[in-house]
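A look at the structure
The chain contents come next:
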Amino acid sequence: MTKSDRRIILSMVAVIGAAIAIIYLAGGKSSSPTATTSPVSSDSSVPSAPSVPLDPSVPSDPSVSLDPSVPSSPHLFSFDPNTADSTALLRLGLSRWQVRNIVRYRAAGGVYRTKEDFAQLYGLTVKQYRELEPYIHIGTDYQPAATLFPDRAHRYANRENSYADNRVGHSDTTLASRHRMKLTDGETIDLATADTTLLQRVPGIGPYYARRIVDYRQRLGGYASLSQLDEIDGFPSEALSFLTLEPGAAAVEKLNVNSLSLNELKRHPYINYYQARAIVDYRRQNGPIADLSELRLLPDFGDEAIKRLRPYVAY
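Below you will find a few notes about this structure. (Residues numbered from 1 in each chain as written. Predicted model: local features only at pLDDT ≥ 70, side-chain atom pairs only at ≥ 80, totals over all residues. Heavy atoms only, no water.)

1. Some words on the overall build of the chain
For the chain, the helix and strand inventory stands at twelve helices and four strands. With 315 residues in all, the chain has 28% of them scored as buried. Relative to all contacts within the chain whose residues are 6 or more apart in sequence, the contacts with residues 24 or more apart total 51%. Roughly 20700 Å² of accessible area belongs to the chain as shown, and the carbon and sulfur atoms make up 56% of that amount. (Helix = DSSP H or I, 4+ residues; strand = E, 2+ residues; numbered from the N terminus. Buried < 20%, exposed > 50% of the residue type's maximum accessible area, 1.4 Å probe, protein only. Contact = heavy atoms within 4.5 Å. Areas by Shrake-Rupley, 256 points an atom, 1.4 Å probe, with all protein chains shown as cover.)

Put into structure tokens, the structure is as follows:
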């Protein structure tokens, strides 16, 4: 080999030797412990310190992340949903996505003014709300400003009522007051013709159920029995004693089962899609229907379905 070749080979050997020495020394240092770590306590009952203050009176920062160190078992305590931070809300047993919705709602300017406002939280169950309700305390700063002047609000309401009574004549005033008064024992109104104003005179019926009663009457085509009111969800049964159905006061609207189309039939509350289709198919295969009893053999028509539909059918 030439002199220059020998120099190159020696240089490469030196570089390789230096690299091996560095690797050996670095490996020896990493294998030896350089720092002592404190042993982990075996007592699992002591939770790690949370990174977010646990004081529920501390105003919430919308940017605070949900701390995963919060225990999952709920712990109930007094809180204000307008100021409780995410950690405190998690400790109450709320889920992480519920807490996230609360934080976002407050960040957008939302305010919980009453306990009922907090009950509107999406996903909050009746059981959860009943457990939390005694511990919900809305701060005075978040109460409606009208509560600062209760006497003035009361006087304003009385003045408005007095103005409404004075706008009409004496006979109209008597009629208006009669509509505002609730019925007493022995008094009744006709369910077939009563409007929402008259229905609100019935004990236990307010604007909500009065509207539901009238709407259902229109969908049915008229009430054939007082028991049909039980088909309205939550209808107060004590109101039935104040209602009557006068014979001939208002006849129910009849459905001609031999001429109406499938879509027209299924609009009635007592006829679903499958029953309407069964009627149309039966007509096509067997001709006009003479009596509902002909449908008894169809799987979609039981005795109870035929019984309640009978007052509304014409042939």
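2. Thoughts on the nonpolar core
Ranked by size, the top nonpolar core spans 40 residues in total, and within it Ile 213 and Phe 235 carry the most contacts. Contributions of two or more residues to this core are made by helix H9 (207–220), helix H11 (273–286) and helix H12 (303–309). Here this core takes six residues from H9, the largest share from any one element. Apart from the residues lying within four places of it in its own chain, the contact partners of Ile 213 are Leu 191, Leu 199, Ile 205, Tyr 223, Leu 229, Ile 232 and Phe 235. Core analysis: the next-biggest nonpolar cluster, separate from the first, contains 19 residues, Ala 88, Leu 92, Tyr 112 and Tyr 129 among them. (Core = buried A, V, L, I, M, F, W, Y, C linked by side-chain atoms within 4.5 Å.)

3. As for the packing of aromatic side chains
The full count for this structure, using the stated rule, is nine aromatic pairs. Summarising the aromatic geometry, the rings of Tyr 273 and Tyr 274 are spaced 5.4 Å apart at their centres and angled 80° between planes, so their arrangement reads as edge-to-face. Here the aromatic residues Phe 79, Tyr 105, Tyr 112 and Phe 118 are joined through ring pairs into a cluster of three or more. (Phe/Tyr/Trp six-rings, centres within 6.5 Å; stacked < 30°, edge-to-face > 60°.)

4. Comments concerning the pattern of salt bridges
The tally for this structure, following the rule as stated, stands at five salt bridges. Lys 127 serves as the salt-bridge partner of Glu 131, at 2.8 Å between the closest nitrogen and oxygen. On the criterion of helical spacing, the pair formed by Glu 131 and Lys 127 is a turn pair, its members being four residues apart in helix H5 (residues 126–132). By relative accessible area, Lys 127 is classed as exposed at 57%. (Salt bridge = Lys/Arg side-chain N within 4 Å of Asp/Glu carboxyl O.)

5. Considering helix H3 (residues 96–107)
The end-to-end C-alpha distance of H3 is 16 Å, a good match for the 16 Å that twelve residues give at a rise of 1.5 Å each. Within the span of H3, buried status applies to Gln 98, Val 99, Ile 102, Val 103 and Arg 106. Summarising the axial view, the buried residues of H3 lie within an arc of 140°, below the 170-degree limit, and thus occupy one face. More than 90 degrees from the buried face of H3, the exposed residues found are Arg 104 and Ala 107. Where the residues of H3 are buried, they touch helix H2 (86–91), helix H4 (115–119) and H5. (Expected span 1.5 Å × (residues − 1). Arc of directions from axis to C-beta.)

6. Examining the side chain of Asn 82
With respect to the secondary-structure elements, Asn 82 resides in the loop between helix H1 (3–31) and H2. Residue Asn 82 is classed as buried on the basis of its relative accessible area of 9%. At a separation of 2.8 Å, a polar atom in the side chain of Asn 82 contacts the main-chain carbonyl oxygen of Tyr 112. Excluding residues that lie within four positions of it along the chain, Asn 82 makes contacts with Arg 106, Val 111, Tyr 112, Ile 138 and Tyr 142. (Polar contact = N/O pair within 3.5 Å; in protein donor to acceptor, adjacent residues only side chain to side chain.)

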